[in-house]
Amino acid sequence: MGSRIEEEILRRLPVKSLLRFKCVSESWKTLISEPHFKKKHLNHAKNQNPPKMLIGQTCPKDDTFYFYSSSLSSHRIVEDVRNLDCPSNFVPGFCKIYCCCDGLFLIGIDNTPNSSILLLWNPLTRESIVLPDQNENSNYSIYGLGYDPTSDDYKVLKVEDDEDYEDDDDCEISNEILSLKSGSWRKISDSNDKDYNCLSSADSMDCLAFVHGAFHWHGFTERNGFLFSVISFNISNEQYGEIPLPERMCLPSNMIDHGVAVLGGMLSINCVYCNGTNFFDLWVMKDYGVEESWIKLFTITNARIPSIIPIVPKYMFADGEVLFSCGRRTEFMTSKGPYGFSNLIWSLASGDIDTCGYVYTESLIFPEVNL
């Protein structure tokens, strides 16, 4: 193993350099491969390095799926273009990034109408593994990937859309969770509230929002009227909960789109309303779990909003400016101040964009999966 000074120097280097430096000596290779070093390197990168955006796009010439990566500090400069590291016996057709965590991406790949896989992929180390098949497949599901420090394990949660069950009041709904250490999916005991267990319809979320050790999504509850709420699921104790929302945020009568995200380490809610004038509200919860700490960052009024939904917040810059993905073809915009879109910073010119992009930190992490 290298000296303490060597370790301090190496953990400040980018992933690509470290992968090359594993060839320098056996001691460096051992150090760089150790789990504790990978975690220290990731923590340093999260605090010091600018994050990057990964976008998937189908090339119109040959239907090949490519991934584009760029630092958020360089805006229009595409730093890297790569193919997906996929099993040699599986030719990817349609690909969709479901979620990411600690530099790891969960990707759904369809090869034929009856053949699909879930792939865990680190685009920097080029490591990938096909995850076990799920017990059940619904018409639409949303996924989350998170790290559980209690068990030192990465876990995947699948939550189903309530439209699959809205006509069946007696149907039992069970979400599924995959512990990578165990290598198998299992159903989660229901919460005795069907609306807790599944997604509300018309949700613009592209993945389950993971913050404070829990996944979050929109559900509906019926308390003193019909309200939407934010459901949480803690991956350590596997308990459902509900995040308190201001009453003025909860009435869905004129709401046409909504979503849950994480911005600057805070839980956020975004809503599009149609009330004569269409407008978009973005809220963040300054103190997790404290209802009084919800603040509205800004409101956007724009007649173009209905044509570009979903509007999904992706990242908050140090100055408070927020990066959004907008519309089905996915443009990336920033908004500064209380009104109006400004500064279109990134829009891929050709081809179909099959995911609205994910902000990530490059890492050496790749967990062992017990298959």
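Structure first, text after, so check above.
Overview of the structure. Every chain's residues receive numbers from 1 upward, in the order its sequence appears when written. Owing to the predicted nature of the model, reporting of local features is limited to residues with pLDDT of at least 70; listing and counting of side-chain atom pairs is limited to 80 or more, with chain, interface and lining totals taken over all residues. Hydrogens and waters are ignored; side-chain quantities use all the structure's heavy atoms.

### Structural notes on the overall build of the chain
Under the convention used in this document: Numbering of helices and strands runs from the N terminus; a helix is a DSSP stretch of H or I covering at least four residues, while a strand is a stretch of E covering at least two. Only protein chains enter the accessibility calculation, which uses a 1.4 Å probe; a residue whose area is less than 20% of its type maximum is buried, one above 50% is exposed, and one in between is partly exposed. By the convention used here, residues are in contact when the closest approach between their heavy atoms is within 4.5 Å. Throughout, the Shrake-Rupley method with a 1.4 Å probe supplies accessible areas, and for residues the shown protein chains are the sole cover considered.
Each helix and strand in the chain was counted, giving 7 helices and 25 strands. Taking all 371 residues of the chain together, the buried fraction comes to 54%. Of the contacts formed within the chain by residues at least 6 apart in sequence, a portion of 51% connects residues at least 24 apart. When the accessible surface of the chain is summed, it comes to about 17200 Å², and 47% of that surface belongs to carbon and sulfur atoms.

### Examining the pattern of salt bridges
Rule in force here: A pairing counts as a salt bridge when a side-chain nitrogen of Lys or Arg comes within 4 Å of a carboxyl oxygen of Asp or Glu.
Scanning all chains against the criterion turns up 12 salt bridges. For Asp-85, the salt bridge goes to Arg-126, with nearest N and O atoms at 2.6 Å. In this pair, Asp-85 sits in the loop between β3 (80-83) and β4 (94-101) while Arg-126 sits in the loop between β6 (115-122) and β7 (127-130), placing the two residues 41 residues apart along the sequence. Arg-186 is paired through a salt bridge with Glu-238; the nearest N and O atoms lie 2.3 Å apart. Within this pair, whereas Arg-186 is found in strand β11 (residues 184-187), its partner Glu-238 is found in the loop between β14 (226-234) and β15 (240-243), the two being separated by 52 residues in sequence. A residue is classified by how much of its surface remains accessible, and Arg-186, at 41% relative accessible area, is partly exposed. One continuous salt-bridge network, built from bridges that share partners, spans Arg-4, Glu-8, Arg-11 and Arg-12.

### Some thoughts on the layout of surface pockets
For the record, the criterion: Of the two site types, the cavity is a set of points on a 1 Å grid over the protein atoms alone where a 1.4 Å probe fits but cannot get out, and the pocket is an open set with protein on both sides within 12 Å along at least five of seven lines, each lined by residues with an atom within 4 Å of a point. Grid points are joined across faces, edges and corners, and a volume is the space filled by probe spheres set on the points.
A volume near 1200 Å³ is recorded for the largest pocket. Looking at the lining of the largest pocket, the elements that each hand over two or more residues are α4 (35-48), β4, β8 (141-148), β12 (209-211), β16 (255-263), β20 (311-316) and β25 (358-360).

### Quick notes on helix α3 (residues 26-33)
Heads up, the rule is: Comment: arc refers to directions from the helix axis out to C-beta atoms.
Among the residues of α3, those classed as buried are Trp-28, Leu-31 and Ile-32. Buried residues in α3, looked at end-on, bunch into an arc of 95 degrees, giving them a common side. Among the structural elements, α1 (4-10), α2 (15-21) and α4 are those in contact with the buried residues of α3.

### A look at the environment of Ala-45
If you trace the backbone, Ala-45 turns up in helix α4. Take Ala-45: its relative accessible area is 1%, and that puts it in the buried class. Taking the C-alpha atoms as reference points, Ala-45 and Glu-362, 317 residues apart in sequence, are found 7.5 Å from one another. When residues no more than four places from it in sequence are discounted, the contact partners of Ala-45 are Thr-361 and Glu-362.

### What about the environment of Cys-274?
Among the structural elements, Cys-274 can be located in strand β17 (residues 266-275). A sequence separation of 17 residues divides Cys-274 from Asp-257, and the C-alpha atoms of the two residues are 9.5 Å apart. Excluding residues that lie within four positions of it along the chain, Cys-274 makes contacts with Asn-254 and Ile-256.

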